[in-house]
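Here is what each chain is made of, one letter per residue.
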Amino acid sequence: MRVLVAGGAGYIGSHVVADLKEHGFGVVVLDNLSTGHQWAVGRVPIHGVRTNDYPMVKALFRNYKFDAVVDLASYSQVGESASDPMKYYQNNVEGARTLMDAALSSGVDTYIYSSSAAVYGNQMSAREVDRLDPINPYGRTKRQVEEMLEDYHAAYGLKYIALRYFNAAGAWPEKSLGEDHQPETHLIPKIVDAMLGRSDGVKVFGTNYKTLDGTCIRDYVHVRDIAAAHRMALQYLQDGGKSGPINLGSGKGYSVLEVIKAAKFVVDRDFPVEYVDRRPGDPDVLVANIEKAKETLGWRPERNLSHMIWDAYQWHRDHPDGYGDKRRPGR
Ligand code: UDP
């Protein structure tokens, strides 16, 4: 099966590419490298096309015979989506629509979409059938694309799975793949930076949330488990599986303080922790119900929070400049 992976040079995309390659899939990457890294795709062909450039995207579909599209080409910073929503609607919504149109008009009817837990808003044990209530523009772009997929499925027979990721974390150190965001905002890489002495410490955003210890609760899931789910979703659709959304989380929630405690234990390194004000747009609790992924895809997370922390730690330790470190061998 030959798959076009849009956003394949990004954090999650590069793990998807590596996983598909490892399982014998043909892979071509579309990524304009606005946030992704060329090094992260190894020797896979990469085309620096914008997803919302229809003629260029269409030309790509003419040049290759794809069987499916995996679309991870989204901007994903919640705060930025609030200050610059145009960027998000143009890229995340227009880009997905262009890709879907180009795929359908080229006879490609299988589409795996990277959606997000952000479509839910604030929720404990979120199920796919629950009402969607995103609380920021990023989450709304994800909901809009899911609605488009549903309509395209009903009208044109587009087969799709929208994978709603909860908090992706970890790395694939054996393949030199990890998380390199500029700027980095996510909790686990921030903790790792602090452990490695590359920052003054970790700031805990808010201590008065409606949770047991007052800090936000999230559902962390290993990026390699997320990557595997894309492959399983492709297989599932090929075997006649039903289109729709599927949550990808661990089903367990950890507070910010619990993650910090786990990290200190797993890596056995201490670091300063500072308590500061809330960050705007953070829900108190966001945890997945993952029964649907288990029942439909036969997927379950194989790696726990300790694995995520340890893999992230190894990758950051060995790549002090992230993908800027050119000593890293290509795959
Ligand atoms: N967080 C924190 N300090 C940081 C980064 C994140 O306290 O330096 C908190 C954040 O407020 C949220 C949780 O950690 O409650 C996870 O945040 P992250 O940015 O990793 O993922 P998000 O849930 O926003 O997708």
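Calculation notes
- Residues numbered from 1 in each chain as written.
- Predicted model: local features only at pLDDT ≥ 70, side-chain atom pairs only at ≥ 80, totals over all residues.
- Heavy atoms only, no water.
- Helix = DSSP H or I, 4+ residues; strand = E, 2+ residues; numbered from the N terminus.
- Buried < 20%, exposed > 50% of the residue type's maximum accessible area, 1.4 Å probe, protein only.
- Polar contact = N/O pair within 3.5 Å; in protein donor to acceptor, adjacent residues only side chain to side chain.
- Contact = heavy atoms within 4.5 Å.
- Pairing = 2+ DSSP bridges.
- Axes fitted to C-alpha atoms, helices over the stretch in contact; angles between N-to-C directions.
- Near = heavy atom within 4 Å.
- Areas by Shrake-Rupley, 256 points an atom, 1.4 Å probe, with all protein chains shown as cover.
- Nonpolar A, V, L, I, M, F, W, Y, C, P; charged D, E, K, R; others polar.

Could you clarify how one ought to interpret the side chain of Glu-146 in this entry?
Positionally, Glu-146 belongs in helix H5 (residues 137–156). Classification of Glu-146 by relative accessible area gives buried; the value is 7%. Within the structure, the side chain of Glu-146 is placed 2.6 Å from the side chain of Ser-115, a separation counted as a polar contact. Residues contacting Glu-146, with those up to four places away along its chain left out, are Ser-115, Val-119, Ala-162, Arg-164 and Pro-245.

I would appreciate a short explanation of the sheet that holds strand E7 (residues 159–165) in the present structure.
Backbone-to-backbone hydrogen bonds join strands into a sheet, with any given pair of strands oriented parallel or antiparallel. Strands sit in the order E3-E2-E1-E4-E5-E7-E12 across an open sheet of seven strands; the sheet is parallel. Edge strands, defined here as strands with exactly one partner in the open sheet, are strand E3 (46–47) and strand E12 (244–248). Bridge count between E7 and E12: five bridges; the pairing is parallel. Note that in E12 the partner of Ile-161 across the bridge is Gly-244. On top of the sheet, H5 reaches strand E5 (110–116), E7 and E12; it is set at about 155 degrees to E5, its chief contact. Contacts from helix H7 (residues 223–238) reach strand E1 (2–6), strand E4 (68–71), E5, E7 and E12 within the one sheet, and its direction differs from that of E7 by about 160 degrees.

Looking at this structure, how should I read the site of the ligand?
Surveying the vicinity of the ligand reveals 14 residues, the closest of which are Leu-187, Lys-203, Arg-218, Arg-279 and Asp-282. At 2.7 Å from a nitrogen atom of the ligand is found a main-chain nitrogen or oxygen belonging to Lys-203. The contact in question runs from an oxygen atom of the ligand to an N or O atom on the side chain of Asp-282, over 2.6 Å. When isolated, the ligand has an accessible area of 500 Å², and the protein chains bury 88% of it. Broken down by secondary-structure element, the contributors of at least two residues to the shell around the ligand are helix H6 (187–195) and strand E9 (202–205). Among the elements that take part in the shell around the ligand, E9 stands out by supplying three residues, more than any other. In the shell around the ligand, the residues fall into six nonpolar, three polar and five charged.

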